[in-house]
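Examination of the molecular architecture
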Number of protein chains: 2
Amino acid sequence: MEINRLNNLINNANNIYLASHVNPDGDNIGSLLAMFKILKNLNKEVHLIINDEVPDSNKFLPNLEYAEKSENLDLKSDLFIALDCADLDRLGRVKDLFLDSETTINIDHHFSNTNFADLNIVNSKASATGELLYTIFENLKYPIDTEVATCLYTAIASDTGSFKYDSVTSYTFEVIAKLLTYGINKSEININLFQNRSLEKTKLLVKALNTLELFEENKIGVVTISDEIMLKLGAKISDADGIVEFIRDISGIEIAILLKEKKDNIRLSLRTKSFVNAINIASTFDGGGHIRAAGATIYLPLETAKEKVIKAAIGELNK
Amino acid sequence: MEINRLNNLINNANNIYLASHVNPDGDNIGSLLAMFKILKNLNKEVHLIINDEVPDSNKFLPNLEYAEKSENLDLKSDLFIALDCADLDRLGRVKDLFLDSETTINIDHHFSNTNFADLNIVNSKASATGELLYTIFENLKYPIDTEVATCLYTAIASDTGSFKYDSVTSYTFEVIAKLLTYGINKSEININLFQNRSLEKTKLLVKALNTLELFEENKIGVVTISDEIMLKLGAKISDADGIVEFIRDISGIEIAILLKEKKDNIRLSLRTKSFVNAINIASTFDGGGHIRAAGATIYLPLETAKEKVIKAAIGELNK
């Protein structure tokens, strides 16, 4: 059975590498730190590789101080465990360390996972890689402690929007019920993950929402953010994250549009709710993305860009 | 035992009244509809009294078409069950029907509950009245079906911000795990509760956020909603739901305050993030509630009320 093979590989390894994927999220960082602590509890020598910035919302997690950059490590490891990575390229420049490792394991919940390792434990029915890890740890009777439970709760809560997404099952709630018996500080986790919107971000959201315009019987919502507003609020580009989703979540909205001025160009972000293909709108401006989330860069003044995007959106809505 | 007495009272009653409290929320409506369906499943004659507007986010719930206004009902009932009501006044003008009922039951999870009925089943450790109802139904082997489970999930998810609040325990997650085995449409519930903010609500949020004032190094955030703004936007009272939580979720905020003008009085809503007891602030104004969520009605002009609430909040913050 797969998890017995996993157990054997871990038992026989002395030098284990774990690495985050590029632009790590809560499921990735939480899963990594949970596996790191489990391997430490099993008295393994383990290296935790995080090359990219850890999201602010995850910086409270335990053992992040052990994170290393891949540049400082030998190429060779006994065992490399990739967590929450759908394919090899998601490892970024750590890919070389993965390929040079004696043995490799891939633990993930992405449907598109390419089974790129020697041992692949992939379950697309798990709501998060953290959920899958809990199942593995429990089955192998690995020593789950408060820190491990904290990281797994964070992984699952992050990847499910606090248990709201369709991926969540009755089993997910059973797992969380068990994780809560390990004495974790749920309050601290939730404050960090969900109640920590910066003041700058809040102010930028309000400024953006003040520009909200609606078209086609309120099915299209458009907001704009000018360079001037960004400067005035001292906002970072990442402070605009979440604004276009906020528009999409208005009742009746099918197409949400955010136009962000950025010196000589306009960054277009698109979200659709249930039937319009966002890629078709983005591709009008040489952009791309997914069906419900797409974007493009437009080299036109803000007002002109807005007019053209609205026209394209109306066309796509009524197609 | 209390629930056996509950069972006897229900068994012996032929004409049962259930009523929402004033300004009903998701826990109140969900609990009412769950109890209504259970009593129907038990072949009881039951009247579901909802005098106030049901929040838009709850309008998808089953059996709302059976709701009646209290004016059309006889004063006399065999049994009146109040759900999610901390005190008798929360029943509004249905209070008379309650007092004229042969027997009364009060099922609630508010710490401040005044035990105002013949039989009081109050558990302030339950995350929602819906959670307490599940425990009762399960213990008495009452016939839970998909509709009952839908209403209980809605009650609990609503009152815990999708399982984020401190009131949520391992047991809450166990209850949800079980409710999900009844074939409920979790996706529909979550879209209605959390991804379907009305346009009026969005506009009211923006108007309110435009009044945001910060005190004590941004630890206290205050917003106000005037009667004038409500009129201008054609907003309903329930459109203000979620605003005070939005303020609480700003990084660094400990106390979030919403003051809503309502003709001759001010409705105060309070949320705290991690250490301030909101009840202590609310009780200054003869209000009450939970540690992290409390409220009061203040009979003063908006500006005077605001000054007094800020003063009380600063006092509590620095206690």
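Quick note: structure is the one above.
The sections below set out a description of the structure shown in this document. Small disclaimer: the values here were computed from a predicted structure and weren't measured. (Residues numbered from 1 in each chain as written. Chains lettered and ligands numbered in written order. Predicted model: local features only at pLDDT ≥ 70, side-chain atom pairs only at ≥ 80, totals over all residues. Heavy atoms only, no water.)

Under the counting rule described, the total for this entry stands at 19 aromatic pairs over all chains. Aromatic pair Y17(B) and F80(B): ring centres 6.4 Å apart, planes at 65°, arrangement edge-to-face. Here Y17(B), found in strand β1 (residues 15-19), pairs with F80(B), found in strand β4 (residues 79-83); they are 63 residues apart in sequence, far enough to count as distant. Each of the two residues, Y17(B) as well as F80(B), counts as buried. For the pair Y153(B) and F163(B), a centre-to-centre distance of 5.8 Å together with 75° between the ring planes defines the contact as edge-to-face. On the criterion of sequence distance, the pair formed by Y153(B) in helix α5 (residues 146-159) and F163(B) in the loop between α5 and α6 (170-179) is long-range, its members being 10 residues apart. What makes Y153(B) buried here is its relative accessible area of 0%. Members of the aromatic cluster, each reached through a chain of ring pairs, are Y153(A), F163(A), F173(A), Y153(B), F163(B) and F173(B). The side chain of K164(A) reaches across the aromatic face of F194(B), ending 5.2 Å from its centre. Directly above the ring of F246(A) sits R197(B), whose terminal nitrogen or CZ lies 3.7 Å from the centroid. (Phe/Tyr/Trp six-rings, centres within 6.5 Å; stacked < 30°, edge-to-face > 60°. Helix = DSSP H or I, 4+ residues; strand = E, 2+ residues; numbered from the N terminus. Buried < 20%, exposed > 50% of the residue type's maximum accessible area, 1.4 Å probe, protein only. Lys NZ or Arg CZ within 6 Å of the ring centre and 35° of its normal.)

To continue, consider the environment of N185(B). Residues and elements named next belong to chain B. With respect to the helices and strands, the residue N185 is situated in the loop between α6 and α7 (186-194). The class for N185 is partly exposed, based on a relative accessible area of 42%. Separated by 38 residues in the primary sequence, N185 and E147 have C-alpha atoms spaced 9.9 Å apart. A distance of 3.0 Å separates a polar atom in the side chain of N185 from the backbone nitrogen of E188. (Polar contact = N/O pair within 3.5 Å; in protein donor to acceptor, adjacent residues only side chain to side chain.)

Right, let's get into the sheet that holds strand β5 (residues 103-108) of chain A. Strand pairing in a sheet relies on backbone hydrogen bonds, with the paired strands running either antiparallel or parallel. All names here are of chain A. Read across the sheet, 6 strands follow the order β3-β2-β1-β4-β5-β6 without closing on themselves; strand pairing throughout is parallel. Among the strands making up the open sheet, the edge pair consists of β3 (67-68) and β6 (119-122). Both strand β1 (residues 15-19) and strand β2 (residues 45-49) contribute to a ladder of 5 bridges, which runs parallel. Bridging across to β2, I16 finds its partner in V46. Against the sheet, helix α1 (residues 2-12) makes contact with β4 (79-83), β5 and β6, and its axis sits at roughly 130° relative to β6, the strand it touches most. (Pairing = 2+ DSSP bridges. Contact = heavy atoms within 4.5 Å. Axes fitted to C-alpha atoms, helices over the stretch in contact; angles between N-to-C directions.)

Counted by the stated rule, this structure contains 28 salt bridges over all chains. E245(A) is the salt-bridge partner of R271(A), the closest N and O atoms lying 3.1 Å from each other. With R271(A) in strand β10 (residues 265-272) and E245(A) in helix α10 (residues 243-248), this pair connects stretches of sequence that are 26 residues apart. The exposure class of R271(A) is buried, given its relative accessible area of 18%. On the basis of relative accessible area, E245(A) is assigned to the partly exposed category, the value being 22%. Residues R292(B) and D166(B) are paired through a salt bridge, measuring 3.5 Å at the closest nitrogen-oxygen approach. Of the two residues, R292(B) sits in the loop between β11 (288-289) and β12 (293-298) while D166(B) sits in the loop between α5 and α6, which places them 126 residues apart along the sequence. When its relative accessible area of 22% is taken as the criterion, R292(B) is described as partly exposed. D166(B) sits in the partly exposed class, given a relative accessible area of 36%. Linked by salt bridges that have partners in common, E53(B), D56(B), K59(B) and K236(B) make up one network. (Salt bridge = Lys/Arg side-chain N within 4 Å of Asp/Glu carboxyl O.)

What follows covers the sheet that holds strand β12 (residues 293-298) of chain A. All names here are of chain A. If you trace the 6 strands from one edge of the open sheet to the other, you get β7-β8-β9-β10-β12-β11, paired in mixed fashion. Bordering the open sheet on either side are β7 (213-215) and β11 (288-289), each of which pairs with just one other strand. Summarising the sheet, strand β8 (residues 220-225) and strand β9 (residues 255-262) pair through 6 bridges and their orientation is parallel. From the neighbouring strand, V222 faces β9, where its bridge partner is I257.

Membership of the largest hydrophobic core comes to 114 residues, with the highest contact counts inside it found for I81(A), I107(A), F137(A), I81(B), I107(B) and F137(B). Apart from residues no more than four positions distant in its own chain, I107(B) is found in contact with L6(B), M35(B), I81(B), A82(B), L83(B), D84(B), I121(B), T129(B), L132(B), L133(B) and I136(B). Core analysis: the next-biggest nonpolar cluster, separate from the first, contains 39 residues, L204(A), V206(A), F246(A) and L258(A) among them. (Core = buried A, V, L, I, M, F, W, Y, C linked by side-chain atoms within 4.5 Å.)

Many descriptions give the size of an interface as the accessible area lost when the pieces come together. On the chain A side, the residues contacting the 40 residues of chain B number 39 residues. It is K164(B), F173(B) and R197(B) in chain B that bury the most area against chain A; as a group they hold 19% of the surface buried on that side. In this assembly, chain B and chain A are joined by 0 salt bridges. Counting across the interface, chain B meets chain A through 22 residue pairs in polar contact (both at pLDDT 80 or more). Among the residues forming the side of chain B that touches chain A, the class breakdown is 17 nonpolar, 15 polar and 8 charged. (Buried area = accessible area lost by both parts, 1.4 Å probe. Nonpolar A, V, L, I, M, F, W, Y, C, P; charged D, E, K, R; others polar.)

So, on to the packing of helix α6 (residues 170-179) of chain A against α6(B). Their axes nearest at 8 Å, the elements α6(A) and α6(B) cross at an angle of 165°. With respect to α6(B), the axis of α6(A) lies roughly antiparallel. Judged by the sense of rotation from one axis to the other, the crossing of α6(A) with α6(B) is left-handed. For the pair α6(A) and α6(B), the contacting residues are S170(A), F173(A), E174(A), I176(A) and A177(A) in the first and S170(B), F173(B), E174(B), I176(B) and A177(B) in the second. A per-class count over the contact of α6(A) with α6(B) returns 6 nonpolar, 2 polar and 2 charged. (Parallel < 35°, antiparallel > 145°, perpendicular 65-115°, else oblique. Left-handed = near helix turned anticlockwise from the far one by under 90°.)

In short, geometric facts, not functional conclusions.
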